[in-house]
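Here's the letter readout for the chains.
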Amino acid sequence: MNAAVATSVFGAFMVVTVALGLLAVRGRGNRGRDGLAEWSVGGRSLGTVFIWVLMAGEGYTSFSYLGAAGWGYNYGAPVLYVVAYMSCGYAVGYVVGPMLWAYARRHGLVGITDMVAHRFGRPWLGALVAVLATVFLLPYIQLQITGMGVVVSTISYGAISLNWAYFIAFAVTTGFVVVSGLRGSAWVSVLKDVLVIATLGFLAFYVPTHYFDGYGPFLDRLVTEKSEWLTFPGHGDSGLGQAWFITTSFLNSLTVVIFPTTVAGYLGAKNADVLRRNAMWLPAYNVLLFVPMLLGMAALFVVPGLVGAESNLALFRLVVDSLPAWAVGVIGVAAALSSIVPMAVFMLVIGTMWGRSVLSLVPCWQQRQKGAAQTVVVAAGVIALVLTYTAPNTLVRLSLISYEGMAQLLPMVLLGLVWRRLTLLGAMAGLVVGVGVVCGFVFTENDPVWGVNAGIVALGANLAVALVVTYVGPREHDERPDGDVLARDEPEERQETAGSREPELSGVGISEASNAPAGA
């Protein structure tokens, strides 16, 4: 009976979710040439509220609901890096977001692959970055499938196996994103945020009161019996000390602003002021992250003995053991939407990168970029689903792998857009070295290395090689003016003027650039 009630509540909300996605795109069809801009960046018309909930939704994922609780359960204090890097990343985004928005709008671009292709005048470079970014984004999609699968299986009280739950997560999200695109994700983010704020607010009050008679007794017991969880490096021989915390927070705060999904949020805004306002307000959302972290440590006393990936269930074990089935269903919906929204954006971004930068190089796909992108969405989802079955991992580890890999694009994307001297050869050499170093550390299980985040070591090598090759290698000549090559955070009145003559999304900006000599 409990399983029937909880899954019925869950199913009803999934129907509402799909309906919202359909309503969001009703009447918009293929507006804007092949509809790629409308599907991938919401027609560049989303206002402050939709951008806020969309970018907050991307930041508050199933990792936040389950992985943060799991790391709180396993280690304690090191999980606070999530709050640190996201808050610092929003500060960096205050500067970088408007700059990328203006650059993309001026040249009719829809993602970072377009940006690097236009900056260096090489369409094939966009394709290369799309492939590399996809490799490092797939673990994040796998993370969301794993998280939603855990939620579905748990709220069904075990009636739905994990394997079927993973498939349900894949099917619902893939169908949703193919139909609704970025605008649908923004609409559903509103529902998600209402449920997340309500359920976490309730749990923050309910769990300490129900299990410990209040916060005072809970915190006293935590300090007395589990003090190791409250200091670095946390519980056990994790290696997650202060140096790791600082380097991880620093690396991720830079990486998050060029993460393809973050950039999709930037480019969906109707103007740059929307992004600045959101950079100021988004850190307030991070307060919610303390709740699952704290509840994960509360689970130490209620459901001890969880090991490995089981620790991701710490929060939901508290919920299922003490709340009525309908409440379990509602909390499950909030957690599931925390998977669907970011997973939809990740899959959408992969589809857009391939449709725009890879398959568009094939003549028969040039006029069907949206269809190509939607096809890739399904393919990416299938690959992530297969990886979920064959190569499972804990949620936080998957998150770290994605960020450490994506960080290696920082010199090519950010440095390249503000420093004209950076050459294509230098950027490519640094990228190859950085990716090689980070993969070497991760796959030999030497992360952290020397007590610091392996990604920051790889990024240091990446940047050093890029600079050396740029200065000692041949100078490249590009006849385009600075305004066509570099990114600028333009005043609002100039943005509006640029918006009124936005280039067609047909690859013109890139193809024109490819006819000019590449470089700095």
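A quick note: this is a predicted structure, and the numbers were derived from the prediction, not measured. (Residues numbered from 1 in each chain as written. Predicted model: local features only at pLDDT ≥ 70, side-chain atom pairs only at ≥ 80, totals over all residues. Heavy atoms only, no water.)

Each helix and strand in the protein was counted, giving 23 helices and 0 strands. Across the 520 residues in the protein, those meeting the buried criterion constitute 61%. Long-range pairs, those at least 24 residues apart, make up 85% of the contacts in the protein with a sequence separation of at least 6. Working note: accessible area of the protein is about 18,600 Å², and carbon and sulfur atoms make up 67% of it. (Helix = DSSP H or I, 4+ residues; strand = E, 2+ residues; numbered from the N terminus. Buried < 20%, exposed > 50% of the residue type's maximum accessible area, 1.4 Å probe, protein only. Contact = heavy atoms within 4.5 Å. Areas by Shrake-Rupley, 256 points an atom, 1.4 Å probe, with all protein chains shown as cover.)

Attention now goes to the nonpolar core. Membership of the largest hydrophobic core comes to 148 residues, with the highest contact counts inside it found for Tyr65, Met115, Ile141, Ile145, Leu409 and Met412. If you tally residues by element for this core, the top one is helix α15 (residues 325-358), at 20 residues. (Core = buried A, V, L, I, M, F, W, Y, C linked by side-chain atoms within 4.5 Å.)

Attention now goes to the pattern of salt bridges. Enumeration over the complete set of coordinates arrives at 4 salt bridges. Salt-bridge contacts for arginine 221 lead to glutamate 225; the nearest nitrogen and oxygen are separated by 3.2 Å. Placement of the pair is arginine 221 and glutamate 225 together in helix α9 (residues 215-225), with a separation of 4 residues, close to one helical turn. Under the relative-accessibility criterion, arginine 221 is labelled partly exposed at 33%. (Salt bridge = Lys/Arg side-chain N within 4 Å of Asp/Glu carboxyl O.)

What follows deals with the packing of helix α6 (residues 112-120) against helix α18 (residues 410-418). Where α6 contacts α18, the two axes come as close as 10 Å, and the packing angle between them is 45°. One finds that α6 runs oblique with respect to α18. α6 and α18 meet at a crossing whose hand is left-handed. Every residue of α18 that contacts α6 at Met115, Val116, Arg119 and Phe120 is listed here: Met412, Val413, Gly416 and Leu417. For the contact of α6 with α18, the residue count by class is 6 nonpolar, 1 polar and 1 charged. (Axes fitted to C-alpha atoms, helices over the stretch in contact; angles between N-to-C directions. Parallel < 35°, antiparallel > 145°, perpendicular 65-115°, else oblique. Left-handed = near helix turned anticlockwise from the far one by under 90°. Nonpolar A, V, L, I, M, F, W, Y, C, P; charged D, E, K, R; others polar.)

Mean pLDDT over the protein works out to 82, with 83% of the residues at or above the 70 mark. The secondary structure element of the protein with the lowest average pLDDT is helix α23 (residues 508-514), at 36, and the one with the highest is helix α20 (residues 454-472), at 96. Confidence over residues 30-34 falls short of pLDDT 50; this stretch has 10 contacts with residues more than four positions distant or in other chains. Counting contacts from residues 492-520, a segment whose pLDDT is below 50, to residues more than four positions away or on other chains yields 63 contacts. (pLDDT = per-residue confidence, 0-100.)

A few words now on a nonpolar patch on the surface. On the surface, Tyr94, Val95, Met280 and Trp281 cluster together to form a nonpolar patch covering roughly 470 Å² of accessible area. Mapped onto the nonpolar patch, the elements with two or more residues apiece are α5 (81-107) and α12 (272-285). Relative to the helices and strands, tyrosine 94 resides in helix α5. (Patch = residues over 30% accessible without salt bridge, like charges linked within 9 Å, V, L, I, M, F, W, Y side chains within 5 Å.)

Below, the discussion takes up the environment of asparagine 453. Tracing the backbone shows asparagine 453 in the loop between α19 (424-443) and α20. Take asparagine 453: its relative accessible area is 0%, and that puts it in the buried class. Separated by 207 residues in sequence, asparagine 453 and isoleucine 246 place their C-alpha atoms 8.7 Å apart.

Right, let's get into the side chain of asparagine 462. Mapped onto the fold, asparagine 462 is located in helix α20. A relative accessible area of 0% places asparagine 462 in the buried class. Only 3.5 Å separates the side chain of asparagine 462 from the backbone nitrogen of leucine 431, close enough to count as a polar contact. The residues contacting asparagine 462, other than those within four sequence positions of it, are Gln408, Pro411, Gly430, Leu431 and Gly434. (Polar contact = N/O pair within 3.5 Å; in protein donor to acceptor, adjacent residues only side chain to side chain.)

A few words now on the side chain of aspartate 478. On the secondary structure map, aspartate 478 appears in the loop between α20 and α21 (482-485). A residue is classified by how much of its surface remains accessible, and aspartate 478, at 6% relative accessible area, is buried. At a separation of 2.6 Å, a polar atom in the side chain of aspartate 478 contacts the side chain of arginine 480.

Where burial is concerned, most of α18 is hidden: 7 out of the 9 residues are buried. Those residues of α18 not exposed but buried are Leu410, Pro411, Met412, Val413, Leu414, Gly416 and Leu417.

Throughout the structure, instances matching the rule amount to 20 aromatic pairs. Ring geometry for tryptophan 164 against phenylalanine 167: centres 6.1 Å apart, planes inclined by 90°, an arrangement best described as edge-to-face. One end of the pair, tryptophan 164, and the other, phenylalanine 167, are both in helix α8 (residues 162-212), 3 residues apart, so they sit about a helical turn from each other. For tryptophan 164, a relative accessible area of 59% corresponds to the exposed category. With relative accessibility at 37%, the residue phenylalanine 167 sits in the partly exposed group. Through pairs of rings, three or more aromatic residues link up here, namely Trp71, Tyr75, Tyr81, Tyr85, Tyr140, Trp244, Phe259, Phe346 and Tyr403. (Phe/Tyr/Trp six-rings, centres within 6.5 Å; stacked < 30°, edge-to-face > 60°.)

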